[in-house]
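Letter by letter, the chains look like this.
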Amino acid sequence: MSAPATVAGLDQAPTSHAKLLTWVREVAELTTPDSVVWCDGSSDEWRRLTDDLVAAGTLVRLNEEKRPNSFWARTDPTDVARVEERTFICSVDEADAGPTNNWLAPAEMKRVMTDLYRGSMRGRTMYVIPFCMGPLDAPAPMFGVEITDSPYVVTSMRIMTRMGTEVLAKMGDAAEFVPCLHSLGAPLEPGETDVAWPCNETKYISHFPETREIWSYGSGYGGNSLLGKKCYSLRIASAMARDEGWLAEHMLIMKLTSPEQKTYYVAAAFPSACGKTNLAMLEPTVPGWKVETLGDDIAWMRFGDDGRLYATNPEYGLFGVAPGTDWKTNPNAMRTLAKGNSVFTNVALTDDGDIWWEGMGDPPAHLTDWKGEDWTPDSDELSSHPNSRFCTPISQCPILAPEYDDPKGVPIDAILFGGRRRDTIPLVTEARDWVHGVYLGATLSSETTAAAAGKVGVVRRDPMAMLPFIGYNAGDYFGHWIAMGKGAGDGAADKKLPKIFYVNWFRRGDDGRFLWPGFGENSRVLKWVVQRLEGRADAVETPVGMVPAPGALDVDGLDLDPADLAAVLNVDADEWRAEIPQVTEWFTKFGDKLPGVLWAELDALKARLGVE
Ligand code: GTP
Ligand code: MN
Ligand code: MN
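Residues numbered from 1 in each chain as written. Chains lettered and ligands numbered in written order. Predicted model: local features only at pLDDT ≥ 70, side-chain atom pairs only at ≥ 80, totals over all residues. Heavy atoms only, no water.

1. Brief notes about the overall build of the protein chain
Scanning the protein chain from N- to C-terminus turns up 15 helices and 31 strands. Against the 2.2 N^0.38 benchmark of 25 Å for 612 residues, the protein chain shows a C-alpha radius of gyration of 24 Å, consistent with a compact globule. C-alpha extents for the protein chain along the principal axes are approximately 75 × 60 × 45 Å. Here the protein chain, with 612 residues, has 61% of them falling under the buried criterion. Taking contacts inside the protein chain between residues at least 6 apart in sequence as the whole, the part at least 24 apart equals 73%. Each charge class in the protein chain can be summarised by its mean position, and for the 59 positive and 87 negative side chains these summaries are 3 Å apart. (Helix = DSSP H or I, 4+ residues; strand = E, 2+ residues; numbered from the N terminus. Rg over C-alpha atoms; globule rule 2.2 N^0.38 Å. Buried < 20%, exposed > 50% of the residue type's maximum accessible area, 1.4 Å probe, protein only. Contact = heavy atoms within 4.5 Å. Lys, Arg positive; Asp, Glu negative; His and termini not counted. Charge placed at Lys NZ, Arg CZ, Asp CG, Glu CD.)

In structure tokens, the structure reads:
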């Protein structure tokens, strides 16, 4: 079948990759865009796209002196977060999606979405974005190609991934790639004027784990549309990782240097909007300690020949929660953003062309809020959406560790799991061993945040902070984690497993205030973690794991009420007993997929808590 003559650019493909060419042609024929553009990732292309987006009203160019080459974007008020209800894992067998994912049979989903895609790019340009998750010089580069009709997505992908001509060249004419199809679902009729943020009420974020494909429709924002991020690097990659014996996780990666100049690498999994970006860029308050950043959201981890677990960050940019980011809480993020080259979405615009959000010092007398309305400090509404985000190149981070783009990765010494809990969970707990650590991860709970559409503040289980991102049956995922901890295989070196810890920066007093100051002060917890690795810090055994012994946590110079410190470290057996029915119900969901050793962990916990 030949393409309609009206699709300009379809035959000017700068590649001879047959599978890619066929797919691009098929999508163009289905979605019928006006033209096809192969993205090269150049600064000329960036200039062209951002100029067009400014003309279209999607972007506003910020004050060049304050925010060079930076832009303010506002979405449709209904398109502000990941849509978990509309996210599907379309495995062939429903059991492979498991009880925590939405499922539809692949053929059925493809039928429904093919109908939606038919003509969905009419009146628009179709962009082809060749990208690579992780360094391009990796032994097996992880390619993807996103087709999208959103120029906003192209500009965001240029910040968040390695993309363009070099990637396409490296793909040659036969490299495997993950096809990522995205359409806003907002065709333009001839003569129809566009809106600033086109999208569709109907949304689907679909994953086909067996064929490693992603189909997204109807949303233009964040993880719904930047398909290299959650869709590829977590949902599809987790299925690849299960098959190939590695881990794709919702984790930051950081480097710690102690006063003795010893270096450690830590990975940490917290649910969306629970502190990864902040911890990754932390400015330690404990003298003599240094933190460097490698990643703030996603870690891919494989065992090396030396038996250690090596982590790489597949991303190339930071897509961070804006509200709360400030010189006091996250000065390194502020320094990163001051260098420009960033897109700010759903924050507020100041009258002098800069950005502002809640938590960034005193509010100016007047702002344009995220809905485009006038805003003053007297306004009842927030100036910025709680899930407003900055999108900025990681290379601009002033504390970026030089090894961040080493394809080999960095050997992880400790893994932290954490959530947002106002009660029950102590500031820090050390797992007794790998299986106990997997138990802590598998039962991780957190209060929901604005990062996903839906109710905020509801406690839910969010295993390994991966609930919305596990691309297969979560019971099998727990089994995979258990298997990863098993010792030496045939001739392989003995595994040297990271130690696992569970943290909670968000415990509150009866009056509702946070008991722990958090942010830079979290370096005190990191110090205890490192000293535990070195066998130098004391812990006390509790029914739920090891917590810092009295005096073992360095609180020198910290203005903290001793009663608050005790409360934040406290293991309250009654609170823990109250969790047992929820954990039992949670585990029961997975039937015989749940590894028996996790039931055994729960039984042992019940025995320690004196629960029948
Ligand atoms: P995603 O990017 O959505 O995966 O989230 P994230 O884990 O990177 O969360 P982020 O670091 O952006 O933090 C989200 C919110 O938690 C922000 O409003 C922060 O100000 C707040 N936060 C982060 N760290 C702390 C902390 O140590 N204590 C308190 N109280 N709040 C924190
Ligand atoms: Mn995230
Ligand atoms: Mn983040």
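2. Regarding the site of ligand 1
In the vicinity of ligand 1, 21 residues are found, and the nearest of them are A273, K276, T277, N278 and R389. At a separation of 2.8 Å, an oxygen atom of ligand 1 approaches a polar side-chain atom of R389. Contact between ligand 1 and N522: an oxygen atom at 2.9 Å from a side-chain N or O atom of the residue. The protein chains hide 91% of the 660 Å² of surface that ligand 1 would expose on its own. (Near = heavy atom within 4 Å. Polar contact = N/O pair within 3.5 Å; in protein donor to acceptor, adjacent residues only side chain to side chain. Areas by Shrake-Rupley, 256 points an atom, 1.4 Å probe, with all protein chains shown as cover.)

3. Observations regarding the coordination of the manganese ion (ligand 2)
Octahedral metals with six donors have ideal donor angles of 90 or 180 degrees. Tetrahedral metals with four donors have an ideal donor angle of 109.5 degrees. Donor atoms from the polypeptide that bind the manganese ion (ligand 2) are K230 (NZ), H250 (NE2) and D297 (OD), placed at 2.2 to 2.3 Å. Along the chain, the residues donating to the manganese ion (ligand 2) fall in the pattern K-x19-H-x46-D. In this structure, the manganese ion (ligand 2) lies 5.1 Å away from the manganese ion (ligand 3). In this pair, H250 is assigned in the loop between β11 (247-249) and β12 (251-257) and D297 in the loop between β14 (290-295) and β15 (299-303), connecting sequence segments 47 residues apart. Comparing H250 with D297, the two get one shared label, buried. (Donors = N, O, S within 2.8 Å, 3.2 Å for Na, K, Ca; no water.)

4. Details of the pattern of salt bridges
What the rule picks out here adds up to 41 salt bridges. For the salt bridge of E403 with K255, the shortest nitrogen-to-oxygen distance reads 2.9 Å. Placement of E403 in the loop between β23 (389-393) and β24 (410-411) and of K255 in strand β12 is noted, with a sequence separation of 148 residues between them. The partner of D423 in a salt bridge is R421, and the shortest N-O contact between them spans 3.2 Å. (Salt bridge = Lys/Arg side-chain N within 4 Å of Asp/Glu carboxyl O.)

5. Re the nonpolar core
Counting 159 residues, the largest nonpolar core has L279, M301, I415, L416, F478, W481 and W516 as the members making the most contacts within it. If one sorts the elements of this core by residue count, helix α7 (residues 228-244) sits on top with eight residues. Core analysis: the second largest hydrophobic core is formed by 33 residues, W23, M113, M126 and L181 among them. (Core = buried A, V, L, I, M, F, W, Y, C linked by side-chain atoms within 4.5 Å.)

6. Regarding the layout of surface pockets
Taken as a whole, the second largest pocket encloses approximately 640 Å³ of empty space. What lines the second largest pocket is a set of 31 residues, among which E84, T448, R460, L467 and P468 lie closest to the centre. In terms of residue class, the lining of the second largest pocket is built from eleven nonpolar, ten polar and ten charged. (1 Å grid on protein atoms, 1.4 Å probe; cavity = no way out; pocket = protein on both sides within 12 Å on 5 of 7 lines; lining within 4 Å. Points joined across faces, edges and corners; volume = space filled by probe spheres on them. Nonpolar A, V, L, I, M, F, W, Y, C, P; charged D, E, K, R; others polar.)

7. Here we look at unusual backbone geometry
The phi dihedral of N341 falls on the positive side, at around 55°, and the residue is not glycine. Within the element layout of this structure, N341 appears in the loop between α9 (331-338) and β18 (343-345). Phi is positive for M464, which is not a glycine, with a value near 50°.

8. Some words on the side chain of S156
Tracing the sequence through the fold places S156 in helix α4 (residues 151-160). When its relative accessible area of 2% is taken as the criterion, S156 is described as buried. The residues contacting S156, other than those within four sequence positions of it, are L226 and C391.

9. Here's the deal with the UniProt feature "binding site: GTP" (unreviewed entry) in the protein chain
UniProt tags A273, C274, G275, K276, T277, N278, R389, R420, F519, G520, E521 and N522 as "binding site: GTP" (unreviewed entry). Sequence-wise these annotated residues cover 250 residues; spatially they are dispersed, their C-alpha atoms as much as 23.8 Å apart. Among residues more than four places away in sequence, those in contact with N278 are T329, N330 and F519. Mapping E521 onto the fold places it in the loop between β29 (499-503) and α12 (523-533). For E521, a relative accessible area of 17% puts it in the buried group. Among all residues touching E521, those that are not within four sequence positions of it are T285, W516 and L558. (UniProt positions renumbered as here; feature names shortened; annotations may be inferred.)

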